[in-house]
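So you can see what is in the structure, the chains are spelled out below.
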Amino acid sequence: VARDYDRGYEHRGYEREMQPVPLSKVAEDVRWFGTLADMVPAQYLDQDYCITCSLPHAQCGALIGRGGENINEVERKTGTNVQLSKKEQDSDHRTLTIIGPLISVYAAHLLMMRHFNDALNA
């Protein structure tokens, strides 16, 4: 069975019978995000962008990973620079900063939030 995800159909055998395939929630979200990304002029996509978010200090050790393995993995997979600030005395939060090309920044954020939520649910 071959799948044509762009059209939401399956092709079965030689008759190439077309039947709708229900898309998963993730596939729908990816399609939605792709539609939005297509609206951004191409010359904007290669510029460096920076996003930040504030995260509770208590989960940051697991977010970083042993010897920084989680951050290193995300940087390697996405080509971004990922930094986590030191804990400040008057705050129980740290700032996660991700810098890189637009789509890569959001991919890195998605992967870092996966590590963060894995730590919360462990």
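Above this text is the structure in question.
Residues numbered from 1 in each chain as written. Predicted model: local features only at pLDDT ≥ 70, side-chain atom pairs only at ≥ 80, totals over all residues. Heavy atoms only, no water.

(A) Local environment of the pattern of salt bridges. Scanning the model with the defined rule gives two salt bridges in all. The shortest N-O distance in the salt bridge between Lys-25 and Asp-29 comes to 2.9 Å. You can see Lys-25 and its partner Asp-29 sitting in helix α1 (residues 25-38), four residues apart, about one turn around the helix. Using a relative accessible area of 34% as the deciding quantity, one classes Asp-29 as partly exposed. The partner of Glu-73 in a salt bridge is Lys-77, with the nearest N and O atoms 2.9 Å apart. (Salt bridge = Lys/Arg side-chain N within 4 Å of Asp/Glu carboxyl O. Helix = DSSP H or I, 4+ residues; strand = E, 2+ residues; numbered from the N terminus. Buried < 20%, exposed > 50% of the residue type's maximum accessible area, 1.4 Å probe, protein only.)

(B) Region of interest: the sheet that holds strand β5 (residues 81-84). The antiparallel open sheet is built from three strands, whose spatial order is β4-β6-β5. In this open sheet, the two edge strands, each paired with only one partner strand, are β4 (48-56) and β5. When the angles between neighbouring strand axes are averaged without regard to direction, this sheet yields 15°. Bridge analysis of β5 against strand β6 (residues 93-101) gives four bridges, and the strand direction is antiparallel. Bridge pairing in β6 places Leu-84 opposite Leu-96. Along the sheet, helix α5 (residues 102-120) contacts β4, β5 and β6; its crossing angle with β6, the most-contacted strand, is approximately 145°. (Pairing = 2+ DSSP bridges. Axes fitted to C-alpha atoms, helices over the stretch in contact; angles between N-to-C directions. Contact = heavy atoms within 4.5 Å.)

(C) Spotlight on the layout of surface pockets. Within this model, the largest pocket holds a volume of roughly 350 Å³. As for the largest pocket, its lining consists of Val-26, Asp-29, Val-30, Trp-32, Phe-33, Ile-103, Tyr-106, Ala-107 and Leu-110. Mapped onto the lining of the largest pocket, the elements with two or more residues apiece are α1 and α5. With five residues, the single largest contributor to the lining of the largest pocket is α1. For the lining of the largest pocket, the residue count by class is eight nonpolar, no polar and one charged. (1 Å grid on protein atoms, 1.4 Å probe; cavity = no way out; pocket = protein on both sides within 12 Å on 5 of 7 lines; lining within 4 Å. Points joined across faces, edges and corners; volume = space filled by probe spheres on them. Nonpolar A, V, L, I, M, F, W, Y, C, P; charged D, E, K, R; others polar.)

(D) Region of the structure containing the nonpolar core. In this structure, Leu-55, Val-82, Leu-96, Ile-98, Met-112 and Met-113 are the most contacted members of the largest nonpolar core, which totals 17 residues. Broken down by secondary-structure element, the contributors of at least two residues to this core are β4, α3 (60-64), α4 (69-78), β5, β6 and α5. Considering every element that reaches this core, the biggest residue donor is α5, with six residues. When near neighbours in sequence (up to four residues on either side) are disregarded, Leu-55 contacts Cys-60, Leu-63, Asp-92, His-93, Arg-94, Leu-96, Met-113 and Phe-116. (Core = buried A, V, L, I, M, F, W, Y, C linked by side-chain atoms within 4.5 Å.)

(E) Molecular detail of a nonpolar patch on the surface. Taken together, Trp-32, Phe-33, Leu-36, Met-39, Ile-103 and Tyr-106 make up a surface patch of nonpolar side chains, about 620 Å² in accessible area. Those elements giving two or more residues to the nonpolar patch turn out to be α1 and α5. One can find Leu-36 in helix α1. (Patch = residues over 30% accessible without salt bridge, like charges linked within 9 Å, V, L, I, M, F, W, Y side chains within 5 Å. Areas by Shrake-Rupley, 256 points an atom, 1.4 Å probe, with all protein chains shown as cover.)

Function cannot be read off these values alone, since they describe shape.
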